Structures are given as C-alpha cells and as structure tokens.
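Descriptive analysis of the structure
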Amino acid sequence: NLQLNGGTVHFSNEFMMVNGTTNVAGNATINTGNKVVYFAGAFSGNGTLNLAGSYVPTFESSFANFTGTVSLGNNSMDFRLFGGFAGSTAATFDLGTGNSTLDAGKIYYNDTIALGSLEGGTQTAVTGSDTTGLTFGYSIGANNQNSHFAGVISDGSGSPTFVTKVGSGTLT
C-alpha cells in the first residue's frame, strides 16, 4: 500500500505493477519516468495527485473514494483509465496546460467513466476506447464544480465516444 502525504515517488523498474491501495492525503507526485506503471489497487484521499513522466501510467483502479485532484500540470503525457470503475464522481481531473491526453484504452463491455469535473488547456485531449463494437463515454460534472476544458474530446480508434454533462456546475 502507498500512503502519499507529499513528495515524489519515482518508478525505476522497466515494468511496475502497484496492486495495493493508494491514499493521497497531501500534494504528491507520481513520476513514471519512461517506465510502464500499472495501478490495480483502489485510490482514496482528498489530496492532489500530480502525474509526471514520459510514459503512460495506466489505472485499472477504483477512484470511487478519491475526492482530490489528479493533475498533469504542464507535462506532455498520456494517462489511461480502464473501465467505468476507474473514474470518480467526486474527483477533479486536470489535464493541465501541456500536450496531455486522457485515454480510455481497451474496454471489455459498454461503459462510462465518471469524471467529477474536467479541466485542461488548449493542447489537451480526452479520447475514447480502442475497442470496436462497444458503446463508451464519459460522464462529467457530478462534483458540481465549475470547470473549464479548452481541449478536444474525440472518439477512440475503436468506437464512438459520448459525453454526458451532469451536476450543477458549469463546464465551459
């Protein structure tokens, strides 16, 4: 299990799988470097999880109990949320100001990923699934916060992507 109260965790193995839970209680950074890092355990906490590195961190993890912010800052990177359980109705997903992409990757059934709110600059993107023949989308806004996303939301390479705006906050 990881307890992140602040500081930076650097991954140095060529491939790393984190199976335990991760609690983000402070302003903490996970730096994947140029390594494959796969998170399978649940996330919780109300801190800020900053993502850095040049490779794609992959989350097949529940963010249901995470109420903080996932932030990419000014990094240029992709990160992947696999499956509807990987999202959070309460968390803010801030793709930052760099050339960053939130990618759904492969899905195995018709699914929707919840994003409590979505932020991002003009060079950011949200893409759908690589899997063909399934229905996939994002539900954005359940944390009722106003947010601004200036990037692009596009279909994945395998299927069309739908977006449902929920909650009382404004998404511009």
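Notes on the structure follow.

1. Some points on the overall build of the chain
- Helix and strand counts for the chain stand at 0 helices and 19 strands.
- For 172 residues, the compact-globule estimate of 2.2 N^0.38 gives 16 Å, and the C-alpha radius of gyration of the chain, at 15 Å, lies within 12% of that figure.
- Taken along its principal axes, the extent of the C-alpha atoms in the chain is 35 × 35 × 25 Å.
- The buried share among the 172 residues of the chain stands at 50%.
- When the accessible surface of the chain is summed, it comes to about 7300 Å², and 48% of that surface belongs to carbon and sulfur atoms.
- Between the centroid of the 4 positive side chains of the chain and the centroid of its 9 negative side chains there is a distance of 3 Å.

2. As for unusual backbone geometry
- Its identity as a non-glycine residue notwithstanding, asparagine 144 has a phi of 60°, on the positive side.
- The residue asparagine 144 is located in the loop between β17 (136-140) and β18 (152-154) in this model.

3. Considerations on the nonpolar core
- Ranked by internal contacts, the top residues of the largest apolar core, which has 34 residues, are Leu51, Phe79, Leu81, Leu115 and Tyr138.
- Apart from the residues lying within four places of it in its own chain, the contact partners of leucine 81 are Phe59, Phe63, Ala86, Phe93, Leu102, Asp103, Ala104, Ile113 and Leu115.

4. Let's talk about the sheet that holds strand β1 (residues 2-4)
- As summarised here, the arrangement of the 4 strands in space is β1-β4-β7-β10, forming an open sheet in which the pairing is parallel. Strand pairing shows two members of the sheet lacking a second neighbour, β1 and β10 (65-66), which therefore form its edges.

5. With respect to the packing of aromatic side chains
- One pass over the full model with this rule turns up 10 aromatic pairs.
- Centroid distance phenylalanine 43 to phenylalanine 59: 5.5 Å. Interplanar angle 70°. Geometry classified as edge-to-face. With phenylalanine 43 in strand β7 (residues 43-45) and phenylalanine 59 in strand β9 (residues 58-59), this residue pair connects regions lying 16 residues apart in the sequence.
- Plain terms: the ring middles of phenylalanine 59 and phenylalanine 79 are 6.3 Å apart, the flat faces sit at 85° to each other, and that makes the pair edge-to-face. Linking phenylalanine 59 in strand β9 with phenylalanine 79 in strand β12 (residues 78-81), this pair joins segments that are 20 residues apart in sequence. By the burial criterion, phenylalanine 59 is buried, and phenylalanine 79 matches it.
- Through pairs of rings, three or more aromatic residues link up here, namely Phe11, Phe39, Phe43, Phe59, Phe63, Phe66, Phe79 and Phe93.

6. Topic: the pairing of β17
- Of all 5 residues that make up β17, 5 are buried, and the element is covered over most of its length.
- The two faces of β17 match: Phe136, Tyr138 and Ile140 on one face and Gly137 and Ser139 on the other face are all buried.
- Looking at chain direction, strand β15 (residues 111-119) and β17 are connected through 5 bridges and run parallel. Note on β17: the bridge partner recorded for aspartate 111 is phenylalanine 136.
- For β17 and strand β19 (residues 161-165), the ladder comprises 5 bridges, and the chain directions are parallel. When the bridges of β19 are listed, isoleucine 140 appears paired with lysine 165.

Cut-offs used in this document
Residues numbered from 1 in each chain as written. Predicted model: local features only at pLDDT ≥ 70, side-chain atom pairs only at ≥ 80, totals over all residues. Heavy atoms only, no water. Helix = DSSP H or I, 4+ residues; strand = E, 2+ residues; numbered from the N terminus. Rg over C-alpha atoms; globule rule 2.2 N^0.38 Å. Buried < 20%, exposed > 50% of the residue type's maximum accessible area, 1.4 Å probe, protein only. Areas by Shrake-Rupley, 256 points an atom, 1.4 Å probe, with all protein chains shown as cover. Lys, Arg positive; Asp, Glu negative; His and termini not counted. Charge placed at Lys NZ, Arg CZ, Asp CG, Glu CD. Core = buried A, V, L, I, M, F, W, Y, C linked by side-chain atoms within 4.5 Å. Contact = heavy atoms within 4.5 Å. Pairing = 2+ DSSP bridges. Phe/Tyr/Trp six-rings, centres within 6.5 Å; stacked < 30°, edge-to-face > 60°.

Geometric values such as these leave the question of function open.
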